[in-house]
Number of protein chains: 2
Amino acid sequence: MSDLEKAMSMMMSVFDKYSGAEGNKGSMNKQELRAMVEKELPRLLKDAKDKDEVEKLMDALDHNKDNEVDFTEFVVLVTALTVSFHGIRRR
Amino acid sequence: MSDLEKAMSMMMSVFDKYSGAEGNKGSMNKQELRAMVEKELPRLLKDAKDKDEVEKLMDALDHNKDNEVDFTEFVVLVTALTVSFHGIRRR
């Protein structure tokens, strides 16, 4: 597997791990999103315990307003973060 | 580093590796795109030597029509592939 294939596979595995915790296995509810952010993106939310931050993130990601984050909505988050980190990295 | 941070970092490193080969270090020209696809996404193009396939891919990715694929355009490709592979993986 190439590095890019590994990166893509890792994104899928991370999503499946947290979306599969409870309820609908194909998407993340708010608790699952909080757990994912706390463990996988610790720097994203200074303090994920701040209910508001995770609420805002869910709102921003949940385009179809079903109170769940599906894989496409998850990848939009990862993409936005990756582009902004890459911009910072190249300065 | 978490798995998701590793995946994001890998995407950045893969892009930097191929975009840095020649010319503008911040984007991939057609030769760099071909080399990236051949090595990193061998299954994407049955036979990347088919000039047409890489030409079509460049056309599809190069939104600002500067004959280069920048990081944001690259991540759009990775996102689209990841979402489609994830859909196939969950069937």
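Residues numbered from 1 in each chain as written. Chains lettered and ligands numbered in written order. Predicted model: local features only at pLDDT ≥ 70, side-chain atom pairs only at ≥ 80, totals over all residues. Heavy atoms only, no water.

Within an unreviewed UniProt entry, the label attached to chain A reads Protein S100, and the organism entered is Muraenolepis orangiensis.

A.B. asks: Would you mind going over helix α4 (residues 71-90) of chain A with me for this structure?
C.D. replies: Because an α-helix completes one turn every 3.6 residues, residues spaced three or four positions apart along the sequence face the same direction. Residue and element names in this part refer to chain A. Taking 1.5 Å per residue as the helical rise, α4 with its 20 residues ought to reach 28 Å, and the 28 Å between its terminal C-alpha atoms agrees with that figure. Residues of α4 that are buried: Phe71, Glu73, Phe74, Val75, Leu77, Val78, Thr79, Leu81, Thr82 and His86. By the N-cap criterion, in which a side-chain oxygen at the helix start approaches the backbone nitrogen of a residue two or three places on, α4 is capped by Asp70, the distance to Thr72 being 3.1 Å. (Helix = DSSP H or I, 4+ residues; strand = E, 2+ residues; numbered from the N terminus. Expected span 1.5 Å × (residues − 1). Buried < 20%, exposed > 50% of the residue type's maximum accessible area, 1.4 Å probe, protein only. Polar contact = N/O pair within 3.5 Å; in protein donor to acceptor, adjacent residues only side chain to side chain.)

A.B. asks: I keep staring at the relation of the copies chain A and chain B and nothing clicks. Help me out?
C.D. replies: Here the second copy of the chain follows from the first by a rotation about an axis and a shift along it. It takes a turn of 180° to lay chain A on chain B, together with a shift of 0.0 Å along the axis; the resulting RMSD is 0.0 Å. The transformation just described matches what one would write down for a two-fold rotation axis. Ranked by how close their C-alpha atoms come to the rotation axis, the residues of chain A are headed by Ala7 of chain A, at 2.1 Å. A shared interface surface links the copies, since 100% of the contact residues of chain A are contact residues in chain B too. (Least-squares fit on C-alpha atoms with pLDDT ≥ 70 in both. Contact = heavy atoms within 4.5 Å.)

A.B. asks: Explanation requested: the environment of Leu81 of chain B in the structure shown.
C.D. replies: With respect to the element layout, Leu81 of chain B can be found in helix α4 (residues 71-89). Between the C-alpha atoms of Leu81 of chain B and Leu61 of chain B, which are 20 residues apart in sequence, the distance is 13 Å. If near-sequence neighbours (up to four positions away) are discounted, Leu81 of chain B is found in contact with Met8 of chain A together with Leu41 and Leu44 of chain B.

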